[in-house]
Amino acid sequence: MLDPMARAQDAALITSAGRSRSLDLEERQKRYLLTMGVRTAMFVAFLVVPGWWKLITLGLAGGLALIAVLLANQVDHRPPPIATPETEPINALALTTGEVLRGTVEEEDAT
């Protein structure tokens with residue numbers, strides 16, 4: 001049987017949990033769409049601006065494609081915040097395990 005104290009020390013705190021994959025994916029999609037929106041604006045500017053500005057807008061549009069893909073594939077490697085005794089409330093209420101009911105499970109015959 002496992003020692004209850006050993007299990008309590010191995011448990012993950014909610015403050016040490018990483019960000020959800022759906023939230024991470026949503027943020028990466030927003031970065032990609034924003035960068036591609038600016039890239040589209042550079043292509044439109046390419047059609048409007050005169051002279052050597054055309055080369056600048058075309059170069060920026062090409063470079064933003066690379067940046068958009070890099071930002072979309074970037075995974076958040078920041079460590080989760082660590083709860084310290086100074087940041088935890090002093091009079092915080094703790095959840096208890098409650099009452100444990102012991103018993104057996106009896107199966108009924110289907111006949």
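Counting starts from 1 at the beginning of each chain's written sequence and moves along it residue by residue. Per-residue local features are limited, in this predicted model, to residues with pLDDT of at least 70; the limit for side-chain atom pairs, both in listing and counting, is 80 or more; totals at the level of whole chains, interfaces and linings are taken over all residues. The side-chain figures draw on all heavy atoms in the structure; neither hydrogens nor water molecules are used.

Trainee: Please clarify how the overall build of the protein chain should be interpreted in this entry.
Mentor: Counting its secondary structure elements, the protein chain contains 3 helices and 0 strands. A run of H or I in DSSP becomes a helix once it reaches four residues, and a run of E becomes a strand once it reaches two; helices and strands are each numbered from the N terminus. Reading the protein chain from its N end, one meets helices and strands in the order α-α-α. Burial status across the protein chain gives 8% buried among its 111 residues. If you take every contact in the protein chain between residues at least 6 apart in sequence, the share linking residues at least 24 apart comes to 66%. Residue exposure ignores everything except the shown protein chains as possible cover, and the areas themselves are Shrake-Rupley values with a 1.4 Å probe. As displayed, the protein chain has an accessible area near 10,400 Å², and 64% of this comes from carbon and sulfur atoms. Only protein chains enter the accessibility calculation, which uses a 1.4 Å probe; a residue whose area is less than 20% of its type maximum is buried, one above 50% is exposed, and one in between is partly exposed. Throughout, a residue-residue contact means that at least one pair of heavy atoms, one from each residue, lies within 4.5 Å.

Trainee: Looking at this structure, I do not really get helix 2 (residues 21–48). What am I missing?
Mentor: In this analysis, the expected span of each helix is defined as 1.5 Å times one less than the number of residues it contains. Here helix 2 is 28 residues long and its end C-alpha atoms lie 41 Å apart, about the 40 Å a rise of 1.5 Å per residue gives. Among all positions in helix 2, only Asp24, Arg28, Thr35 and Met36 are buried. Where helix 2 is buried, its residues contact helix 3 (53–73).

Trainee: Looking at this model, I keep getting lost on the packing of aromatic side chains. Mind explaining?
Mentor: Aromatic ring pairs are described here by two measures, namely the spacing of the ring centres and the angle between the planes. Aromatic rings from Phe, Tyr and Trp, taking only the six-membered ring of Trp, are treated as a pair when their centres fall within 6.5 Å; an angle between ring planes under 30 degrees marks them as stacked, one over 60 as edge-to-face, and anything in between as tilted. Evaluated as defined, the whole model comprises 1 aromatic pair. Plain terms: the ring middles of Trp52 and Trp53 are 4.7 Å apart, the flat faces sit at 20° to each other, and that makes the pair stacked. Overall, the relative accessible area of 57% leaves Trp52 in the exposed class. Our definition puts a charge over a ring when NZ of Lys or CZ of Arg is within 6 Å of the ring centre and also within 35 degrees of the ring normal. Over the ring of Phe46 we find Lys54; its NZ or CZ atom is 5.0 Å from the centre of that ring.

Trainee: Whenever I open this one, the pattern of salt bridges confuses me. Can you help?
Mentor: Think of it this way: side chains of opposite charge can pair up when their charged atoms draw near. For salt bridges, the criterion is a side-chain nitrogen of Lys or Arg within 4 Å of an Asp or Glu carboxyl oxygen. Applying the stated rule across the entire model yields 2 salt bridges. As a salt-bridge pair, Asp24 and Arg28 come within 3.5 Å of each other at their nearest N and O atoms. Linking Asp24 with Arg28, this pair stays in helix 2, spanning 4 residues, or about one helical turn. We classify Asp24 as buried; its relative accessible area is 11%.

Trainee: Teacher, can you tell me more about a nonpolar patch on the surface here?
Mentor: Here a patch means residues that are over 30% exposed by relative accessible area and free of salt bridges, tied together within 9 Å if like-charged and within 5 Å if nonpolar (Val, Leu, Ile, Met, Phe, Trp, Tyr). Judged by side-chain polarity, Trp52, Trp53, Ile56 and Leu60 come together as a nonpolar surface patch covering roughly 440 Å² of accessible area. Inspection of the secondary structure puts Ile56 in helix 3.

Trainee: When you look at the packing of helix 2 against helix 3 in this model, what are you seeing that I'm missing?
Mentor: Packed helices, taken two at a time, are described by their axes: the angle between them and the distance between them. Under this scheme, a helix contributes an axis fitted over its contacting stretch, all axes are lines through C-alpha atoms, and angles between N-to-C directions fall in the 0 to 180 degree range. The interhelical angle for the contact between helix 2 and helix 3, taken along N-to-C directions, is 170°, at an axis separation of 8 Å. Here helix 2 is positioned roughly antiparallel relative to helix 3, judged by the angle of their axes. Just so you know how the angles are binned, under 35 degrees is roughly parallel, over 145 roughly antiparallel, 65 to 115 roughly perpendicular, and the rest oblique.

Trainee: Sorry, what's going on with the environment of Leu47 here?
Mentor: You can see Leu47 is positioned in helix 2. Since its relative accessible area comes to 67%, Leu47 is described here as exposed.

Trainee: Would you mind showing me how to read the side chain of Arg28 here?
Mentor: A relative accessible area of 18% means that Arg28 is categorised as buried. With near-sequence residues (within four places) excluded, Arg28 lies in contact with Leu71, Ala72, Asn73 and Gln74.

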